[in-house]
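Structural overview for review
The lines below spell out each chain.
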Amino acid sequence: MSNWEHQYREEVSAFTSPQQLDTQVLQQAKRLQPKKDIGRILSRASLGCATIAAILMLVHPAQHLGALTPRMTPENESPQPELEIARWQPPQIESETQEDPWQALRNQVTAGNYIALCQEWRLQQRTTAEQPLPRELRKFAQKRCRILH
Amino acid sequence: MSRKAFQHLTDEALLDHYKETRKTVVFHQLYTRHKDALYRYSIQMAPASSAKILQELWQKILENPPQLHGRLFRNWLFIQINKALREQQALNEHKSTAVDYRKSAVLVAIQKLPSLQRNILLLHMECKLSLATVADIEQISLKKCREYYHRAKEQIETLVYGVQPKPWQVEVIEE
């Protein structure tokens, strides 16, 4: 590089782009910058909030539903439930099959002995019995027994 | 993202990034890299209208970032400014210069060069374009471009330091 070229570099270094031009160009660049999409930002924010809420609901559902059970500690834990559990017995199962009051009479009729049936029938004819004869026994009695007046 | 983050990117990568994002910070980086060289070139070629031409050029880039098609952004930039300066020179050929070069003999010497030689000299020396690119811009052969460039340098030397006698030019005194 020759002497004048060195001299040129030194002198021309003072020539820089004017501040006014820089400002105008950069202001224009800012004007042309696309505006931020607020709708998209809001959508993302709402999606984020919904996600956090869903996570909280999943992790601590009891806090939100009010179904938090009291914490059991050795101090406040009473021995009563254990005793109750130890004393507990299964309830008596009532026999579903009830005894038939007419079974003896049925057996006699089946054996061909109608005396007891006829006595009972005659008795019921005279009085109003609490337990009337069952239908089939009554039919037997109407066929086999005579009414004694 | 700060301007430092884009420092490692080439001009072309920055331009692509600006096309996609239109971020001011990306454009600022690109602008900072070339603004002074562009100003120095244009002020020496068309002092009266350099600011206006530069503003229009940057506006064009901002509104419609160029498709480089494999070219360097720097080359594209100086080809565009060269075109704009030619158009402006054709309109305002007789306008006086707005810059005072009186303090610098070199700058005055450059201004005294013919427009073509001054353009070739500045594009190669100031704008760092290759002589082949300069030849393309001026639409002349590379040989001719090189010749104009060297002639311009010689003329400046002459203008700055004056005519110096050279050994082979000394006339032989015949006895």
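Residues numbered from 1 in each chain as written. Chains lettered and ligands numbered in written order. Predicted model: local features only at pLDDT ≥ 70, side-chain atom pairs only at ≥ 80, totals over all residues.

**Brief notes about the overall build of chain A**
In terms of helices and strands, chain A carries 8 helices and 0 strands. In chain A, the order of α-helices and β-strands from amino to carboxyl end is α-α-α-α-α-α-α-α. Looking at chain A as a whole, 6% of its 149 residues qualify as buried. Residue pairs at least 24 apart in sequence account for 46% of intrachain contacts in chain A once pairs closer than 6 positions are excluded. (Helix = DSSP H or I, 4+ residues; strand = E, 2+ residues; numbered from the N terminus. Buried ≥ 20, exposed ≤ 12 C-beta atoms within 10 Å, placed from the backbone. Contact = placed C-beta atoms within 7 Å.)

**Topic: the overall build of chain B**
Within chain B, the regular secondary structure consists of 8 helices and 0 strands. Listed N to C, the secondary structure of chain B is α-α-α-α-α-α-α-α in terms of helices and strands. Relative to its full complement of 175 residues, chain B shows a buried share of 32%. Partitioning the intrachain contacts of chain B with sequence separation of at least 6 by distance along the chain shows that 62% fall at a separation of at least 24.

**Section: unusual backbone geometry**
Residues and elements named next belong to chain B. At Arg22, a residue that is not glycine, the phi angle is positive and equals roughly 55 degrees. Mapped onto the elements of the fold, Arg22 is located in the loop between α1 (11–21) and α2 (24–45). Its identity is not glycine, yet His69 carries a phi of approximately 50 degrees, on the positive side. Looking at the element boundaries, His69 is found in the loop between α3 (50–63) and α4 (73–91).

**Brief notes about the interface of chain A and chain B**
Contacts between the two partners involve 21 residues from chain A, matched on the other side by 24 residues from chain B. Contributions of two or more residues to the side of chain A that touches chain B are made by α1 (3–12) and α2 (19–32) of chain A. Top contributing element to the side of chain A that touches chain B by residue count: α2 of chain A, with 9 residues. Looking at side-chain class alone, the side of chain A that touches chain B contains 11 nonpolar, 7 polar and 3 charged residues. (Nonpolar A, V, L, I, M, F, W, Y, C, P; charged D, E, K, R; others polar.)

**Comments concerning helix α3 (residues 38–59) of chain A**
The terminal C-alpha atoms of α3 of chain A, which comprises 22 residues, lie 31 Å apart, in line with the 32 Å expected from a rise of 1.5 Å per residue. Burial analysis of α3 of chain A places just 0 of its 22 residues in the buried class, which makes it a mostly uncovered element. (Expected span 1.5 Å × (residues − 1).)

**Brief notes about the packing of helix α6 (residues 103–110) of chain A against helix α7 (residues 115–126) of chain A**
Residues and elements named next belong to chain A. At a minimum axis separation of 8 Å, α6 and α7 run at an interaxial angle of 130 degrees. It follows that α6 is oblique to α7 by the angle criterion. Of α7, the residues touching α6 (which contributes Leu105, Gln108 and Val109) are Ala116, Leu117 and Glu120. A breakdown of the residues in the contact of α6 with α7 according to their chemical character gives 4 nonpolar, 1 polar and 1 charged. (Axes fitted to C-alpha atoms, helices over the stretch in contact; angles between N-to-C directions. Parallel < 35°, antiparallel > 145°, perpendicular 65-115°, else oblique.)

**Overview of the confidence of the model for chain B**
Averaged over chain B, the pLDDT score is 83; the fraction of residues at 70 or greater is 83%. With a pTM of 0.59, the predicted complex shows an ipTM of 0.76. (pLDDT = per-residue confidence, 0-100.)

**Some thoughts on the packing of α1 of chain B against α2 of chain B**
Residue and element names in this part refer to chain B. Packing of α1 against α2 brings their axes to within 9 Å, and their N-to-C directions diverge by 145 degrees. Seen from above, α1 lies across α2 with left-handed handedness. Contact with α1, carried on its side by Asp11, Leu14, Leu15, His17, Tyr18 and Thr21, involves Val26, Phe27, Gln29, Leu30 and Arg33 of α2 and no other residues of that element. Taken together, the residues that form the contact of α1 with α2 break down as 6 nonpolar, 3 polar and 2 charged. (Left-handed = near helix turned anticlockwise from the far one by under 90°.)

**Here we look at the environment of Leu72 of chain B**
By secondary structure assignment, the location of Leu72 of chain B is in the loop between α3 and α4. Note: C-alpha distance between Leu72 of chain B and Glu12 of chain B (60 residues apart in sequence) is 6.8 Å.

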